[in-house]
Structure formats: structure tokens, C-alpha cells
Amino acid sequence: MERVFNFSAGPSVLPESVLKIAQAELMNYKGCGTSVMEMSHRSKIYLEIFDNSTALLKEIMDVPDNYKILFLQGGASTQFAMIPMNLLTDKKTVDIVDSGHWAHLAVKESIKFAKTNVVASSKDSKYDHFPVLDPAKFTPDADYFHYTSNNTIFGTKLSAIPQTGNVPLVCDMSSNILSEVYDVSKFGLIYAGAQKNMGPAGVTVVIIRDDLLARSPESLPTMFNYNTHVNADGMYNTPPTYGVYLAGLVYQWVKDLGGVSAVHKINEEKAGLIYDCIDNSAIYKGYVAKQDRSLMNITFNSGNEERDNKFCKEAEKAGLVNLKGYRTVGGMRVSTYNAMPIEGCRALVEFMKKFEMENK
Ligand SMILES: *Cc1c(COP(=O)(O)O)cnc(C)c1O
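Residues numbered from 1 in each chain as written. Predicted model: local features only at pLDDT ≥ 70, side-chain atom pairs only at ≥ 80, totals over all residues. Heavy atoms only, no water.

Here we take up the packing of helix α1 (residues 16-25) against helix α6 (residues 241-256). The angle between the axes and the distance between the axes are what describe a pair of packed helices. Remark: α1 packs on α6, axes separated minimally by 9 Å, with the N-to-C direction vectors making an angle of 135°. By the angle class used here, α1 and α6 are oblique. Seen along the crossing, α1 lies across α6 with a hand that is right-handed. Residues Ser-17, Val-18, Ile-21, Ala-22 and Glu-25 of α1 pack against Tyr-242, Tyr-245, Leu-246, Leu-249, Val-250 and Trp-253 of α6. In terms of residue class, the contact of α1 with α6 is built from nine nonpolar, one polar and one charged. (Axes fitted to C-alpha atoms, helices over the stretch in contact; angles between N-to-C directions. Helix = DSSP H or I, 4+ residues; strand = E, 2+ residues; numbered from the N terminus. Parallel < 35°, antiparallel > 145°, perpendicular 65-115°, else oblique. Left-handed = near helix turned anticlockwise from the far one by under 90°. Contact = heavy atoms within 4.5 Å. Nonpolar A, V, L, I, M, F, W, Y, C, P; charged D, E, K, R; others polar.)

We now examine the domain arrangement of the chain. Looking at the chain, the domain boundaries give domain 1 (16-257) and domain 2 (259-358). For domain 1 versus domain 2, the separation of C-alpha centres amounts to 27 Å. Taken together, the 28 residues of domain 1 in the interface contact 24 residues of domain 2. Buried surface at the junction of domain 1 and domain 2, both sides included, amounts to about 2,200 Å², of which 58% is carbon and sulfur. Remark: the boundary between domain 1 and domain 2 carries 14 residue pairs in polar contact (both at pLDDT 80 or more). When contributions to the side of domain 1 that touches domain 2 are tallied by element, the ones reaching two or more residues are β6 (150-151), β7 (156-157) and α6. Per-class residue counts for the side of domain 1 that touches domain 2 are 11 nonpolar, 11 polar and six charged. (Domains from an automatic or database assignment. Buried area = accessible area lost by both parts, 1.4 Å probe. Polar contact = N/O pair within 3.5 Å; in protein donor to acceptor, adjacent residues only side chain to side chain.)

Attention now moves to the sheet that holds strand β12 (residues 297-301). Read from one edge to the other, the open sheet built from three strands follows the order β11-β12-β14, with strand pairing classed as antiparallel. The open sheet terminates on both sides in strands that have one partner only, identified here as β11 (285-286) and β14 (332-335). In this structure, β12 lies alongside β14, joined through four bridges in antiparallel fashion. Residue pairing in the sheet places Ile-298 in a bridge with Val-334 of β14. Helix α7 (residues 260-279) contacts β11, β12 and β14 of the sheet and is inclined by roughly 15° relative to β12. (Pairing = 2+ DSSP bridges.)

This next bit is on the pattern of salt bridges. Counted under the stated rule, the structure contains 14 salt bridges. Residues Lys-58 and Asp-65 are paired through a salt bridge, measuring 2.6 Å at the closest nitrogen-oxygen approach. Between Glu-358 and Lys-354 there is a salt bridge, with its nearest N and O atoms 3.7 Å apart. Of this pair, Glu-358 and Lys-354 are both found in helix α9 (residues 342-358), four residues apart, which corresponds to roughly one turn of the helix. Residues joined in a network through salt bridges with shared partners are Arg-3, Glu-16 and Lys-20. (Salt bridge = Lys/Arg side-chain N within 4 Å of Asp/Glu carboxyl O.)

Turning next to the sheet that holds strand β8 (residues 169-172). If you trace the seven strands from one edge of the open sheet to the other, you get β2-β10-β9-β8-β5-β3-β4, paired in mixed fashion. With one partner strand each, in any of the chains shown, β2 (67-72) and β4 (115-121) form the two edges of the open sheet. Taken pair by pair, the neighbouring strands of this sheet meet at an average axis angle of 15°, ignoring direction. In this structure, strand β3 (residues 93-98) lies alongside β4, joined through six bridges in parallel fashion. Each bridged residue has a counterpart across the sheet, and for Ile-96 the counterpart in β4 is Val-118. Contacts between helix α4 (residues 101-111) and the sheet are confined to β3, β4, β5 (144-148) and β8, with β3 contributing the most and set at about 160° to the helix.

Residue Gly-10 is joined to Pro-11 through a cis peptide bond whose omega torsion reads -10°. Structurally, Pro-11 is set in the loop between β1 (5-6) and α1. Non-glycine residue Leu-178 carries a positive phi angle of around 70°. With respect to the helices and strands, Leu-178 occurs in the loop between β8 and β9 (189-193). The phi dihedral of Asp-233 is positive, around 50°, even though this residue is not glycine. By the secondary structure assignment, Asp-233 is in the loop between α5 (226-231) and α6.

One way to put it is that helix α3 (residues 75-87) packs onto α4 with a least axis distance of 8 Å and a crossing angle of 35°. Of the two elements, α3 crosses α4, and the hand of that crossing is right-handed. For the pair formed by α3 and α4, the contact residues are Ser-77, Phe-80 and Ala-81 on the first element and Trp-102, Leu-105, Ala-106 and Glu-109 on the second. In terms of residue class, the contact of α3 with α4 is built from five nonpolar, one polar and one charged.

If you want it as C-alpha cells, here you go:
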């Protein structure tokens, strides 16, 4: 089989040029005689790879000097617990936005540690929009404010950064990090699993503002304390070595495209093609409110389940795969992460139009 257009929500498509570099370097990395996978994480050559990945991410996200970048394991899901473990103060109070499946799991985990105020939720309407944030409902002295910038399953996003005053802003950016420019200096902590927009599964990026590190209680298990990883420059134990290498190749690819703002423009064009097709169709209907539409995950259906199933089946035959929506949402979900080429979106739109003609 040839390579297909893979619209998987995660783990997801990687840039072909990145895979080719990884392939070329697989057996013998730059003449050192071993694969990156086989190197000691403390070797000079690996430390260069690790530092390069860190430096590139800092550069393309314009991360200020008073922030630390960590490559952890355990997925974004582990951060749902690690964040309250490290960032709560004696107040033990958190504001949180319930905007989707993952946001809701973050709420459930937060409740185990803190008084958790859900300041906005769109749960009652099955997360078909990003809930409106009313600062009057925010807790002025909360330990932090948590939200999810892109809701992977439902296909909504919030580009505007919530105004929380002195309350540190914590963001789960798993599914839209590097897809548009976010001003990192507005955040206390940003985290993201790598497997949507940055590389393979197994790496979780955490970007944390220095001053928040003082909050972690000494009593935390060693591996769950951010300071452990900061103080050991990410080498307290074996980091996900190959994943960090691959993420570095992706960061270089973003940089070579002209950086995150250039990638954002392409993403708008890509998503625009598909949303236009939905909006000009007699059968396709978007799942979410227009003003909250995600650039990374596009959700729609064709009016009935039978036709949706047929759509996915025939699309697959045309080399357009992993389009089935999440089981609780139904319909289709098109994930147009950074690495999805615009040709993939054009091919999909062509297919959508043809399918509509044949299945009215
Ligand atoms: C995929 C995803 C997660 C879960 O990530 P894991 O790395 O599987 O734990 C959390 N939040 C968002 C927004 C996601 O898209």
C-alpha cells in the first residue's frame, strides 16, 4: 500500500520529510555507529540532540528565559494530576473550564486534590461550542486557572487568552500547540502530549514559569515533582530519548516553514477548504458553533449514520483514512494537524463533493 492521507486524531500524521530524515539516520546516526535509540541518554552526542530539541522549541514558541521546558512521560493525562500536585498552595483552589472530554477528565482529577470551581461548561450541550468565559465568575485568588485551548474530540478552540489577572494560567495545548502563535509569557504552565502536533507518543512537553516551581511540596513522590526534572536538566532518569529526537526534527521542520505564524496561515487555508465545503453542502453539517471552530479537528456529519459509515468506508478506499468521529459524537472528524499537507485537504474536499453528488 502507498502512503495514505491520514486524518487520525492522535497519534497522527508526521511530516514526510521528518520520517525520511529519521529513516536515513536510523541505523547510524551521523556516523556515530548506533541508532539514537541505542545511545546512553548521558552521552555527549545524545545530550546535543536533547539540547537542540529544547532550544528549537524555545525558539519557535518564543519561550521567555524565565520558563523551563521539560520532556516528560505519562502523557497529558498524567499532567491532569501532576499540575495540582505541584501548583496548589494552602488555598487549594482551582478555576477550570469544562470545554470537552479531556477538559472534563482534568476536572475529575483536580477534584481529588483541590476545591475545583468549574467557571464555565458546555457539557449540557454536548460540548458543541466553547463555553463563554465570564471573568466575574473567576476566583480572584485561585491557585491557578486551567483550560484546554483545543478540544480534540468535539472540534472547538479558544484562541483568545483568558484574562485571569495574577492567577497563573495553565493550558492543555495537546492538540493545537504549534498550530498558531500563543504568547507564552501570558501562561504559568503549558503542557501537551507530543503525539498530535509534535512527534510520536511517549513525550509530554511541559513549559513552566520559574517562580511556580517553588510551590511543589517536598513530600511529593520524586518523579512527580517538576523540580526533580528541572534540577537534573531533564536527565534525572531516562527521558523518552527517541521521541525527543523526533520532536526536534519536527521543530526544525516548523522553523524551516517559517515558524509557527507561517504554519498558522497554512492551517487556516487547510481548514478553510474543508469548512467551506461543509458550509456549501446540502448534506454535510458541522457539529460545533462556527465562531469556535478548531483548525486542527473538524467535526461534521452527513445527516444520518448509515451515510456517515458509507462516507468513511469509501474515503478509506480513496486513501483518506481515519475519518470516523469519536464514538460519543458520531459523524466524521478530520484532523488537520500541522503535518497534514494541503494536498490531503484538497483530496478530501474533492472526495466530499463527489460523495455528495452520488449520495444526495
Ligand atoms: C490527546 C489529548 C489528551 C490525552 O493525551 P495523552 O497523552 O493520551 O494522555 C489530553 N488533552 C488533550 C486536549 C488531548 O487532545
